[in-house]
Amino acid sequence: MNQVEKKLLLDLATKHGTPIFVIDHDKLRANFREFREKLPEVQPYFAIKANSHPEIVKTMFDLGASFDVASMPEFMVVHENIKNLPDQERQDFIWDKIIYANTIKPVETLKELNPYKPLVTFDNPSELEKIKEHAPDAGLVLRIRVPNTGSMVELSSKFGAHPGEAVDLITQATNLGLGVEGISFHVGSQCNNFDNYMQALNFASSIFKEAELRKYPIGFKCKDGSREKVLDIGGGFPVKYTPDVKSFTVLAKKINSEIKRLFKKDNIQVIAEPGRFMVATACTLVVKIIGKAVRDGKTCYYLNDGVYHTFSGQVFDHQHYPLRAFKEAPTAVCATFGPTCDAFDTISLADELPDNLEIHDLLYAENIGAYSHASATYFNGFPPAKVVHVNKGR
Ligand SMILES: Cc1ncc(COP(=O)(O)O)c(C=O)c1O
């Protein structure tokens, strides 16, 4: 981070106090544009679970993003941006640009969703029965289980139909009078093994072919009688938190050429559900040292944000967000703790920080935008960090 950026963070901390979670909307725009530029045939449905702050959703909306939502409240955060559109335009937006990509939906949610007629994912027979009864107007996308090897966050043990069962599920849906528009998968979040995507694309291609052969074609019926299928390649696009993370540019090239090779005869609309990729690098946390002790010869800093708050991503997302000091001085191995009365609230036992920092000094952590503030709690009465925006509304 350069001196100008540091000065901006210090000024924001003076103005707003700490902890502050600073969202840079220019960086959100840059991430969105990079995704579009490198995967030009893929429509990004921003997975708002990574960070559902309404201002982030608004910036994505203004950029022309589509959205992946995981619950009714998330759906309503997106809906806020379209509620004043004329009825038909609003309905077209929901059908064309929102996917409810949680394969398990409570009956209450299905009932609430049905009038909006969105696309929803499913991966098992009993979900199909529920959809038939409570949301028969929804469009369906079948989520399949694909390898998640080498991804930081594994999802395949919880979601996805076995590819071998896929066509039976499509048959079952068709027999229930429901239309299956396409296939989705998720290779696991922060995927550093690009073979996962390649294998998943091959599974999807085989399923499209087999469904065609068995005369249970997938896709939306166009006026000319042909069908347009949805191929949803999910999330997982890796963020370069550390130098060993593989390049998104390389991944994008592989995905583009594999899609071209496998689906050249299909009339498909390819979509993706990037979450982390859009928000991780767009946010920086500024925290204050509220206590200092030396334990067993190691300097320990107590901060006003921790593992129950913005650093919750350490637990749920398996990420680390190294803390840096604004003051320049030689560093030593220090421990950093959050503000609660729980020893689990340990941010790191090995942060490289100057050991001569004082109470009230500030620290910052970069690339902390995904799955962090989104999972912060009020544990011990400490509220989540205040959100501050920069470069909003251009
Ligand atoms: C269904 C679904 N789609 C998209 C995402 C976003 O994934 P990522 O943040 O890795 O892009 C997730 C993350 O858990 C997910 O479960």
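Throughout, a residue's number is its position along its own chain's written sequence, starting from 1. Local features in this predicted model are restricted to residues of pLDDT 70 or higher, and side-chain atom pairs are both shown and tallied only at a pLDDT of 80 or more, whereas totals for entire chains, interfaces and linings draw on every residue.

## Brief notes about the site of the ligand
Thought 1: The rule is simple: place the C-beta atom from the backbone, and if it lies within 6 Å of a molecule or strand, the residue is near it. Around the ligand sit 16 residues in total, of which Ser189, Gly235, Glu273, Gly275 and Arg276 are the nearest.
Thought 2: In terms of residue class, the shell around the ligand is made up of seven nonpolar, six polar and three charged. Three categories are distinguished: nonpolar for Ala, Val, Leu, Ile, Met, Phe, Trp, Tyr, Cys and Pro, charged for Asp, Glu, Lys and Arg, and polar for the others, with Gly belonging to the last.

## Regarding the UniProt feature "active site" (unreviewed entry) in the protein chain
Thought 1: Cross-referencing UniProt, the feature "active site" (unreviewed entry) maps to Cys341 in the present numbering.
Thought 2: Within the secondary structure layout, Cys341 lies in the loop between strand S16 (332–337) and strand S17 (346–353).
Thought 3: On the basis of neighbour counts, which here come to 8 C-beta atoms within 10 Å, the residue Cys341 falls in the exposed class. UniProt positions are given in the numbering used here, feature names are shortened, and annotations may be inferred rather than shown by experiment. By the criteria applied, helices consist of DSSP H or I runs no shorter than four residues and strands consist of E runs no shorter than two, each listed in order from the N terminus. Field definition: a residue is buried when 20 or more other C-beta atoms are found within 10 Å of its C-beta, exposed when 12 or fewer are, and partly exposed for counts in between, with C-beta atoms placed from the backbone.

## Here we look at the domain arrangement of the protein chain
Thought 1: You can read the domains of the protein chain as domain 1 (3–22 + 280–390) and domain 2 (25–279).
Thought 2: Domain start and stop points were drawn from an automatic or database domain assignment. Just the C-alpha atoms count here: the centres of domain 1 and domain 2 sit 34 Å apart.
Thought 3: Listed per partner, the contact involves 16 residues of domain 1 and 17 residues of domain 2.
Thought 4: In terms of residue count, strand S19 (residues 386–390) provides more of the side of domain 1 that touches domain 2 than any other element does, three residues in total.
Thought 5: Of the residues that constitute the side of domain 1 that touches domain 2, the class distribution is eight nonpolar, seven polar and one charged. Contact between two residues is assigned whenever their backbone-derived C-beta positions fall within 7 Å.

## Side note on the nonpolar core
Thought 1: Within the largest apolar cluster, 107 residues are counted, with the highest numbers of intra-cluster contacts made by Val120, Leu140, Leu142, Ile170, Val279 and Val286.
Thought 2: Of the domains in this structure, domain 1 (3–22 + 280–390) and domain 2 (25–279) are the two that each give at least three residues to this core.
Thought 3: Sequence-distant contacts of Leu140, defined by excluding residues within four places in its chain, comprise Val120, Phe122, Ile131, Ala173, Leu178, Gly179, Val180 and Glu181. Linking buried Ala, Val, Leu, Ile, Met, Phe, Trp, Tyr and Cys residues through C-beta atoms within 7 Å yields a set, and such a set is a nonpolar core.

## A few points about the environment of Pro383
Thought 1: Topologically, Pro383 is positioned in the loop between strand S18 (362–365) and S19.
Thought 2: Since 10 C-beta atoms lie within 10 Å of it, Pro383 is described here as exposed.
Thought 3: Along the chain, Pro383 and Ile170 lie 213 residues apart, while their C-alpha atoms are 46 Å from each other.

## Some points on unusual backbone geometry
Backbone geometry follows two general trends: most residues other than glycine have a negative phi, and most peptide bonds adopt the trans configuration.
Thought 1: Residue Pro19 is bonded to the preceding Thr18 through a cis peptide linkage, with omega at -5 degrees.
Thought 2: Structurally, Pro19 is set in the loop between helix H1 (3–16) and strand S1 (20–24).
Thought 3: In this structure, His360 takes a positive phi of about 90 degrees despite not being glycine.
Thought 4: Checked against the element boundaries, His360 lands in the loop between S17 and S18.
Thought 5: Of note in this structure, Asn367 is not a glycine but carries a positive phi near 55 degrees.
Thought 6: Along the chain, the position of Asn367 falls in the loop between S18 and S19.

## Regarding helix H8 (residues 166–175)
Thought 1: Inspection of H8 places Ala166, Val167, Leu169, Ile170 and Ala173 among the buried residues, and these make up the whole buried set. The buried residues of H8 occupy an angular sector of 155 degrees when the element is viewed end-on, so they sit on one face.
Thought 2: Close packing links the buried residues of H8 with helix H7 (125–134), strand S6 (139–143), strand S8 (180–184) and helix H9 (195–213).
Thought 3: Within two residues after H8, Gly177 carries a phi angle of roughly 85 degrees, on the positive side. Here, the arc refers to the directions that run from the helix axis to the C-beta atoms.

## A look at the UniProt feature "domain: Orn/DAP/Arg decarboxylase 2 N-terminal" (unreviewed entry) in the protein chain
Thought 1: The UniProt entry lists residues 26–280 under the feature "domain: Orn/DAP/Arg decarboxylase 2 N-terminal" (unreviewed entry), expressed in the numbering used here.
Thought 2: This span, residues 26–280, is 42% helix and 18% strand, and a straight line between its end C-alpha atoms measures 13 Å.

## Topic: the environment of Met72
Thought 1: By the secondary structure assignment, Met72 is in helix H4 (residues 72–79).
Thought 2: We classify Met72 as partly exposed; it has 17 C-beta atoms within 10 Å.
Thought 3: Separated by 38 residues in the primary sequence, Met72 and Leu110 have C-alpha atoms spaced 9.2 Å apart.
Thought 4: In this view, Met72 contacts Thr109 and Glu112; residues no more than four positions away in its chain are not counted.

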